[in-house]
Amino acid sequence: MDKKPEIPLPPYFNLNPATAASKLGPVVDTARFARAAAFAGRGRDDLAKRGYAPDGHKRLRKFSTWEVCRYLIPVAPAHLRRVLNKHPDLPQGEGQGNSRWFSLEEILVLRDHFAEEGSSAKEYRPYRPKGQPAKITAVANFKGGVGKTSTAAHLAMSAALDGYKVLVIDLDSQGSMTSIMGGDVPDEWRTVFPLLARDYATHLETENRVREAAGDPALPLDETLTEALQVSFGDVVQKTHWPNIDLIGAQLNLYWAEFQIPVWRMGLRNWPLWDALTSALSESGALDEYDVIILDTPPALGYLTINALAAADIILVPLGASFLEFDSTGRFFDMLYSTFASIEEGENTARRRAGLPEMKFEWDVVRAIITRFDASQQTDLANVIQAYFGDMTNAYRQEYTAMVGQAGETVSGIYEADYRDFNRETYTRGRETFDRTYAEFKEMLIGAWWRDEQLANKEAGDGETQTA
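Sequence order as written defines residue numbering, which begins from 1 separately in each chain. For this predicted model, a pLDDT threshold of at least 70 governs which residues receive local features, and a threshold of 80 or more governs which side-chain atom pairs are given and counted, while totals over whole chains, interfaces and linings are taken from all residues. Hydrogen atoms and water are omitted, and side-chain values are computed over all heavy atoms in the structure.

> Even after reading the chapter, I still don't get the nonpolar core, so can you show me in this structure?
Generally speaking, a soluble globular protein has its nonpolar side chains buried in company with each other. Throughout this description, the term nonpolar core refers to a set of buried Ala, Val, Leu, Ile, Met, Phe, Trp, Tyr and Cys residues connected via side-chain atoms within 4.5 Å. Only protein chains enter the area calculation, which uses a 1.4 Å probe; residues under 20% of their type maximum are buried, those over 50% are exposed, and those in between are partly exposed. In this structure, Leu167, Ile169, Ile248, Leu281, Ile293, Leu295 and Leu309 are the most contacted members of the largest nonpolar core, which totals 69 residues. Any two residues whose heavy atoms approach within 4.5 Å at even a single point are treated as in contact. If we skip the residues at most four places from it in the chain, Ile248 touches Leu167, Val168, Ile169, Asp170, Arg190, Thr191, Val192, Leu195, Phe233, Val236 and Val237. Counting residues in each nonpolar core, the second largest holds 56 residues, with Leu80, Leu110, Met177 and Phe441 among its members.

> Please explain the pattern of salt bridges as it appears in this structure.
If charged atoms from side chains of opposite charge come close, those side chains can pair. Any Lys or Arg side-chain nitrogen located within 4 Å of an Asp or Glu carboxyl oxygen qualifies as a salt bridge. Evaluation of the coordinates by the stated rule reveals 21 salt bridges. Here Glu67 and Arg61 are joined by a salt bridge, their closest N and O atoms 2.6 Å apart. For the salt bridge of Asp418 with Arg420, the shortest nitrogen-to-oxygen distance reads 2.6 Å. Given a relative accessible area of 16%, Asp418 falls into the buried group. Arg420 sits in the exposed class, given a relative accessible area of 54%.

> Hey, could you run me through the pairing of strand β3 (residues 135-139) in this one?
On a regular strand, each side chain points to the face opposite its neighbour's, so the side chains alternate between the two faces of the sheet. Helix numbers and strand numbers start at the N terminus; a helix is a DSSP run of H or I with at least 4 residues, a strand a run of E with at least 2. Extensive coverage of β3 is indicated by the burial of 5 of its 5 residues. Neither face of β3 is exposed, since Lys135, Thr137 and Val139 on one face and Ile136 and Ala138 on the opposite face are all buried. Strand pairing is assigned whenever DSSP detects at least two bridges linking the two strands. In this sheet, strand β7 (residues 292-296) lies alongside β3 in parallel orientation, the contact comprising 5 bridges. Bridge assignment links Lys135 to a residue of β7, and that residue is Val292.

> When you look at the environment of Ile261 in this model, what are you seeing that I'm missing?
When you line up the elements, Ile261 lands in helix α11 (residues 257-267). Relative accessible area serves as the criterion here: at 0%, Ile261 is assigned to the buried category. Remark: the alpha-carbon pair of Ile261 and Leu195, spanning 66 residues in sequence, is separated by 12 Å. When near neighbours in sequence (up to four residues on either side) are disregarded, Ile261 contacts Leu196, Trp271, Leu273 and Tyr303.

> How do you make sense of the packing of helix α12 (residues 276-284) against helix α14 (residues 303-311) when you look at a structure like this?
When two helices pack together, their arrangement is given by the angle between the helix axes and the distance between those axes. Note on geometry: axes are C-alpha line fits, over the in-contact stretch for helices, and angles between N-to-C directions span 0 to 180 degrees. Where α12 meets α14, the closest approach of the two axes is 7 Å, and the angle between their N-to-C directions is 50°. Between α12 and α14, the interaxial angle falls into the category oblique. Judged by residue contacts, Ala276, Leu277 and Thr278 of α12 engage Asn307, Ala308, Ala310 and Ala311 from α14. Each residue gets one label: Ala, Val, Leu, Ile, Met, Phe, Trp, Tyr, Cys and Pro are nonpolar, Asp, Glu, Lys and Arg are charged, and the others, such as Gly, are polar. Of the residues assigned to the contact of α12 with α14, the class counts are 5 nonpolar, 2 polar and no charged. Any angle that is under 35 degrees is reported as roughly parallel, and any over 145 degrees as roughly antiparallel; angles of 65 to 115 degrees are reported as roughly perpendicular and all others as oblique.

> Looking at this structure, I do not really get the packing of aromatic side chains. What am I missing?
How two aromatic rings sit relative to each other is set out by the distance from centre to centre and by the angle between their planes. A pair of aromatic rings is counted whenever rings of Phe, Tyr or Trp (Trp by its six-membered ring) have centres within 6.5 Å, and the orientation is called stacked for planes under 30 degrees apart, edge-to-face for over 60 and tilted otherwise. Taken as a whole, this structure holds 25 aromatic pairs when the rule is applied. Relative to Tyr427, the ring of Tyr419 lies with its centre 5.7 Å away and its plane at 55°, an arrangement referred to as tilted. Assigned by exposure class, Tyr419 and Tyr427 land together as buried. Taken together through their ring pairs, the aromatic side chains of Phe142, Phe326, Phe332, Phe333, Tyr388 and Phe389 make up a single cluster. We count a charge as sitting over a ring when the NZ of a lysine or the CZ of an arginine lies within 6 Å of the ring centre and within 35 degrees of the ring normal. Across the ring face of Tyr290, the terminal group of Lys165 is positioned such that the distance to the ring centre comes to 5.2 Å. Here the basic side chain of Arg397 rests over the ring of Phe373, its NZ or CZ set 5.6 Å away from the ring centre.

> Is there a simple way to think about helix α3 (residues 65-72) in this case?
Quick reminder: α-helices carry 3.6 residues per turn. Residues three or four places apart thus point the same way. For α3, a buried count of 6 out of 8 residues is recorded, marking the element as mostly surrounded by other parts of the structure. Among the residues of α3, Thr65, Glu67, Val68, Cys69, Tyr71 and Leu72 are the ones counted as buried.

> Explanation requested: a nonpolar patch on the surface in the structure shown.
A cluster of nonpolar side chains, contributed by Leu9, Tyr12, Phe13 and Leu15, occupies part of the molecular surface with about 500 Å² of accessible area. In this fold, Leu15 is placed in the segment before α1 (17-22). Accessibility expressed as a relative area gives 62% for Leu15, which makes it exposed. Patch membership is restricted to residues that have no salt bridge and whose relative accessible area is over 30%. Joining uses 9 Å for like charges and 5 Å for the nonpolar side chains Val, Leu, Ile, Met, Phe, Trp and Tyr. Only the protein chains shown count as cover for residues, and all accessible areas are computed by the Shrake-Rupley method using a 1.4 Å probe.

> Just to check I follow, could you spell out the sheet that holds strand β5 (residues 238-239) for this structure?
Through backbone hydrogen bonds, the strands of a sheet pair up, either in parallel or in antiparallel fashion. With mixed pairing, the 7 strands of this open sheet are ordered in space as β5-β6-β4-β7-β3-β8-β9. What marks the edges here is a single partner per strand, and that holds for β5 and β9 (365-371). Here helix α6 (residues 148-161) sits on the sheet in contact with β3, β4 (166-170), β6 (245-248), β7, β8 (314-320) and β9, set at roughly 165° to β7.

> How should I be thinking about unusual backbone geometry in this particular structure?
With the exception of glycine, the majority of residues adopt a negative phi angle, and the majority of peptide bonds are in the trans configuration. If you check the backbone angles, Asn14 has positive phi at about 60° while not being a glycine. Its relative accessible area of 71% is what places Asn14 among the exposed residues. Even without being glycine, Arg372 reaches a positive phi, approximately 50°. Examined against the element boundaries, Arg372 turns out to sit in the loop between β9 and α16 (375-389).

> Where do I start with α14 in this structure?
Judged by how many residues are buried, α14 sits mostly within the fold: 8 of 9 residues are covered. Burial in α14 covers these residues: Leu304, Thr305, Ile306, Asn307, Ala308, Leu309, Ala310 and Ala311.

> What exactly am I supposed to notice about the environment of Trp101 here?
Its place among the elements puts Trp101 in strand β2 (residues 101-102). As a C-alpha pair, Trp101 and Ser64 span 37 residues in sequence and 4.4 Å in three-dimensional space. Once residues within four sequence positions are removed from consideration, Trp101 is found in contact with Arg61, Lys62, Phe63, Ser64, Glu67, Gly93, Glu94, Glu106, Asp418, Tyr419 and Arg420.

> Looking at this structure, I do not really get the packing of helix α15 (residues 323-354) against α16. What am I missing?
With their axes 10 Å apart at the nearest point, α15 and α16 run at an angle of 15° to one another. As summarised for this structure, α15 and α16 are arranged roughly parallel, according to the angle between their axes. Helix-helix and strand crossings are classified by hand; for α15 and α16 the assignment is right-handed. Taken together, the residues of α16 that come into contact with α15 (itself represented by Phe323, Phe326, Thr329, Gly330 and Phe333) are Leu381, Ile385, Tyr388 and Phe389. For the contact of α15 with α16, the class distribution of residues is 7 nonpolar, 2 polar and no charged. The crossing is said to be left-handed when, going from far helix to near helix, the turn is anticlockwise and less than a right angle, and right-handed when the turn is clockwise.

> What is the right way to read the side chain of Arg100 from this model?
Residue placement: Arg100 occurs in the loop between α4 (77-86) and β2. Positive charges come from Lys and Arg alone, negative charges from Asp and Glu alone, with His and the N- and C-terminal ends not counted. No salt bridge is formed by the buried Arg100; the nearest opposite charge belongs to Glu106, separated by 9.7 Å. Polar contacts, as counted here, are pairs of nitrogen or oxygen atoms within 3.5 Å of one another; within protein the pair requires one atom able to donate a hydrogen and one able to accept it, and residues that are adjacent in sequence qualify only if both atoms are side-chain atoms. A polar contact is formed between the side chain of Arg100 and the side chain of Gln92, at a distance of 3.2 Å. With residues up to four places along the chain from it excluded, the contact list for Arg100 reads Phe63, Ser64, Thr65, Leu84, Asn85, Gln92, Glu94 and Gly95.

Have a look at this one:
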């Protein structure tokens, strides 16, 4: 009679302590972290530069006639060719006949031409009402790995391809967004840090004028604050390989802002620390220069994230369709309520004493976005999340595709990937993942602008009536 084969024990039984000890290696001291960081840094640079040109800079690829006509400008290929033949002064692209490739700069010129000369029934330029400021979008969640940076980067690229001028601000000291955008940030003085320091220093100077008039001693203005007063908004903004995306990047030293901001606040209790980024964007003219401003936040509800959320008109909260991410996002919303309700109460207590109008935080729209979605395994839980968050959830669930994964390996966005590296179906499906997310975002964007414009027109009409 055959003997039944033995079922092997689980791998955690019968481990030998001496053998285990021999695999540990020497004890780890702090210097070992430095070596690990150095190795990781070299590897990070090597992996990041897979998406770079041989000269060490990122270059945005060119777009074929097929892509231009399908995704970027609503014209038929034959009509585009006729227009190019009729107007030799327009960008002609590379190549001959039906196979031409255009840079995004050239596409923007073509878009402007069609907006002036083309059919009035088609949208050649994206909607932004005249006189309305840029809309600021913060992508936030204090749980890491939910797709914040990927979502923020692809929304920025989508908006740029659509014809908007975009500013991306990386508030995460890990600098992932900065890597995607090919940014060069040597130290914290090329991040938002000096803008926050400048805001505090400006308030400190105002306070010192009041103290001087009252005969009180001035509060100290240290070397960092003095230097920050010399930094302008333009000093920290850099161009990217996208002609209509600018960047304020991040690097590791930006994290010190989380420690410095509360110290400043203790030195000047009436400094509204949550308004520092808002003030920088408003006073710099960025709200007029750009159409869309995207804020990529760190995975924590710290002072940088609070600044981003306070500045934002639109808040997008990515999460995966899992219980832990649903639970964490619910706690994130609870923390948002506690944080901003506390600020409102503290500020309004002082304002009521001073006879000033009360302040209130408001956002045009807040949406949770389900990311990295696998319909074959996560539909039930995604439906539960949709049911509980209701109208605060995007209708479209952002699927994870092979194209998204491959783009991530080269520290690039899917819009930077050449469709010839995929079969047509894979490329189309990969694009659709973010095209549909962008479509919902754009609907929020133009809806908020339209509502603001109607309100402005109403207030202007009421003002004229009162004057009359």
